[in-house]
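Summary of the model geometry
Next come the chains, spelled out residue by residue.
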Amino acid sequence: MDDLVLVAGGGAMGAGIAFVTAQAGYRVEVVEPDAASRDRARDRMQRAAERGGDAAIAQRVTFLEAMPERSDAVVAIEAVPERFDCKRDVFVALSSAISANALLATNTSSLSVSDLADVVAQPQRVLGLHFFNPPEAMKLVEVVYTAETSDDTLDRAYEFVERIGKTAVTAADTPGFIVNRVARPYYLQAMRALEREIASADELDALARSAGFRMGPFELMDFIGLDVNLATSESVYARSGEARFAPPAMQREMVAAGRLGRKSGEGFYDYRDGVPPRIEVSIGEDGGETNADESVVVLGFGSLADEVAERVEQRFAHAARIENDELLDEISLGATIVFDTGDGSSDRSDVLAQLDSVLGSEAIIFADAYATDIDAAAKRMRHPERLIGYGVLGSLSTQRAVEIVDSEQASDDALGLAEEFFASLGKGVVLVENVPALFLGRIVGSIVNEAVTVVNDEIATPDDVDVAMRLGTNYPIGPFAWGREIGAKRIARILQRLARAEGDEFAPHRSLWVLDLDEEPAMQAAEAEADAARS
């Protein structure tokens, strides 16, 4: 392959893009006026080529000190610093250098592709090719189109992305595209949770990892740089005008104080003596002797109730299952633990009050704290000290640790038994304050909600959103797949409680219900909803 690709910018992103392009067999020219940056990029490529066992890769890359007046490049990509004036000037120069039918792409992560297209001729050949850092390792490329981008340009862009071994997803030119928009709640809701003292940063990070995220939100922001993360949030907030994207005061204050994360030595964590050890949730032993001391009743229906009941039957000698609230009188008076799941989306205060009236005073009652206000329920009980609020978001099998509400009325004995109970099911626990949506509910629910909003606004398809979030952020599962696992009614209930407590901007989207349909009908329903909103 003798086709030429022209890359403007020899920093980390430009050098990475140049390397993966050369690795695919293209000739590459990198425009970088700074000699030190050229040397660093050249050394980086040589090391990467040596690690890959193909020294010829680096030989296919040529470095230029200035933009050529003319270039036969078939694709030109700007990868200069994220400032509009800088990108605009480079875009004008690239447009003048390449032929009229060459693709002209920006690697911007937060600026408007349309605004850049407006400053050059042939805007139909302009698009975004948003690579992720580091390009050598990250498989995703967001292909971003404007109102002017032609179908031929998109087809050729997809062909280019495929040739360099990456996975393309299509996104409309809107604030944050797919990944940086859908990922915002992971950071913003985490900081709001910390402001509300739901738990400490390291405990919240541990909870996030227990749900499958590779890094917790606070350690990830420290790794990225709080200033970089803040700039992205501010860009999405400024361009969208949506209050839910407003960065918390905490982050602005940390950045102003120079607490930027690892690179400054201090952020949410202190790095002055090296990277601090992670707090890992202690996971209960899976298996062991059958417990004959407790008598456990699982109350409720649905997949979570099924899952808990199965594990309880394996671990406890005395276990029962009741699926109908009308059969509460069948609960043995000797029951010592009642684990209520309900239907996952309804407040269970009435049922909890009934249980309190019929159970012995030593029995412990577990209630779903995502669906039920634990403090309000406790006020209706004679023995509120035995009520334990828990948070299992979707499938118990995919969540290594459970949120346990450290409420004022819960006794130490009850909290201790709760930890032992979940340990017997092979799960750890993290104590959290009783705030609506707890922690995992607010971040995962808000991520799913944002993904539904993106599809409703015709920014991307559900499949592309799921692929983008798995490959671009290493999420354990795509938001739509996760939403289907949790259930639309449950997510809606969680977000309704969050919105009542913290503002309507966090309310569930009207189209969440499509998550409860089969995937193909859900796609059709989402499209119909979007069409109805436009008409």
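You'll find the structure just up there.
Just so you know, these numbers come straight off a predicted model, no measurement behind them. (Residues numbered from 1 in each chain as written. Predicted model: local features only at pLDDT ≥ 70, side-chain atom pairs only at ≥ 80, totals over all residues. Heavy atoms only, no water.)

Quick look at the overall build of the protein
- Helix and strand counts for the protein stand at 21 helices and 15 strands.
- Computed over the C-alpha atoms, the radius of gyration of the protein is 27 Å, within 12% of the 24 Å expected from 2.2 N^0.38 for a compact globule of 535 residues.
- When its C-alpha atoms are laid out on the principal axes, the protein stretches across 85 × 60 × 40 Å.
- Relative to its full complement of 535 residues, the protein shows a buried share of 57%.
- Taking contacts inside the protein between residues at least 6 apart in sequence as the whole, the part at least 24 apart equals 71%. (Helix = DSSP H or I, 4+ residues; strand = E, 2+ residues; numbered from the N terminus. Rg over C-alpha atoms; globule rule 2.2 N^0.38 Å. Buried < 20%, exposed > 50% of the residue type's maximum accessible area, 1.4 Å probe, protein only. Contact = heavy atoms within 4.5 Å.)

Considering the packing of aromatic side chains
- Under the definition given, this model contains 16 aromatic pairs.
- Ring geometry for F339 versus F422: centroids 6.0 Å apart, planes at 75 degrees, classification edge-to-face. Highlighted residues: F339 in strand β11 (residues 337–342) and F422 in helix α16 (residues 412–424), separated in sequence by 83 residues.
- Feature note: the residues F316, F339, F366, Y390, F421 and F422 constitute an aromatic cluster, connected by ring pairs. (Phe/Tyr/Trp six-rings, centres within 6.5 Å; stacked < 30°, edge-to-face > 60°.)

Observations concerning the sheet that holds strand β7 (residues 140–145)
- Read across the sheet, 8 strands follow the order β3-β2-β1-β4-β5-β6-β7-β8 without closing on themselves; strand pairing throughout is mixed. Looking along the sheet, the strands with just one partner apiece sit at the ends: β3 (61–64) and β8 (167–172). Pairs of neighbouring strands in the sheet enclose a mean axial angle of 25 degrees, with direction left out of account.
- Sheet topology note: the strand β4 (residues 75–78)/strand β5 (residues 103–106) ladder contains 4 bridges and is parallel. (Pairing = 2+ DSSP bridges. Axes fitted to C-alpha atoms, helices over the stretch in contact; angles between N-to-C directions.)

What about helix α14 (residues 349–358)?
- Every buried residue of α14 is accounted for by S349, V351, L352, A353, L355 and D356.
- At its buried positions, α14 is contacted by β9 (291–300), β11, β12 (364–368), α15 (374–378) and β13 (387–391).

Notes on the sheet that holds strand β10 (residues 316–322)
- Here we have 7 strands laid out as an open sheet, ordered β10-β9-β11-β12-β13-β14-β15, and mixed in their pairing. Since the sheet does not close on itself, it has two edges, and those belong to β10 and β15 (428–432), each with one partner. Neighbouring strand axes in the sheet, compared pairwise and without regard to direction, differ in orientation by 25 degrees on average.
- With 2 bridges connecting them, β13 and strand β14 (residues 401–405) associate as antiparallel partners. The partner of G391 across the bridge, within β14, is E403.
- Of the strands in this sheet, β9, β10, β11 and β13 are in contact with helix α13 (residues 303–315), which crosses β10 at around 155 degrees.

Some remarks on the side chain of N180
- Position of N180 relative to the elements: it lies in helix α7 (residues 179–182).
- Here S109 takes part through its backbone oxygen, which lies 3.3 Å from a polar atom of the side chain of N180.
- Setting aside residues up to four positions removed in sequence, N180 forms contacts with S109, H130, T232 and V236. (Polar contact = N/O pair within 3.5 Å; in protein donor to acceptor, adjacent residues only side chain to side chain.)

What about the packing of helix α8 (residues 184–195) against helix α11 (residues 226–240)?
- For the pair α8 and α11, interaxial distance at closest approach is 11 Å and the crossing angle is 105 degrees. The pairing of α8 with α11 is recorded here as roughly perpendicular in orientation. Residues R184, Y187 and L188 of α8 form the contact with α11, whose participating residues are N229, T232, S233 and V236.
- The residue makeup of the contact of α8 with α11, split by class, is 3 nonpolar, 3 polar and 1 charged. (Parallel < 35°, antiparallel > 145°, perpendicular 65-115°, else oblique. Nonpolar A, V, L, I, M, F, W, Y, C, P; charged D, E, K, R; others polar.)

So, the packing of helix α17 (residues 440–456) against helix α19 (residues 479–486)
- Contact geometry of α17 with α19 gives a least axis separation of 9 Å together with a crossing angle of 120 degrees. Considering their axes alone, α17 and α19 lie oblique with respect to each other. Where α17 crosses over α19, the two elements pack in a sense that is left-handed. Taken together, the residues of α19 that come into contact with α17 (itself represented by V444, I447, V448, A451, V452 and V455) are P479, F480, W482, G483 and I486. (Left-handed = near helix turned anticlockwise from the far one by under 90°.)

Some points on unusual backbone geometry
- Cis peptide bonds are those with omega within 30 degrees of zero, and the linkage from N133 to P134 qualifies with 0 degrees.
- The topology assignment puts P134 in the loop between β6 (126–131) and β7.

Points about the nonpolar core
- Judged by nonpolar contacts, the single largest core of 117 residues is most densely connected at F213, F218, F268, L355 and F439.
- Top contributing element to this core by residue count: α17, with 9 residues.
- Leave out the neighbours within four places in its chain, and F268 touches M191, L194, F218, M221, D222, L226, M250 and M254.
- Counting residues in each nonpolar core, the second largest holds 36 residues, with A48, F63, F131 and I164 among its members. (Core = buried A, V, L, I, M, F, W, Y, C linked by side-chain atoms within 4.5 Å.)

Here we look at the pairing of β12
- Taking burial as the measure, the 5 residues of β12 include 5 buried ones, the bulk of the element.
- Sheet topology note: the β11/β12 ladder contains 3 bridges and is parallel. Bridging from a neighbouring strand, I337 pairs with I364 of β12.
- For the handedness criterion, the β-α-β arrangement of β11, α14 and β12 is classed as right-handed. (Right-handed = clockwise from strand over helix to strand, strands pointing away.)

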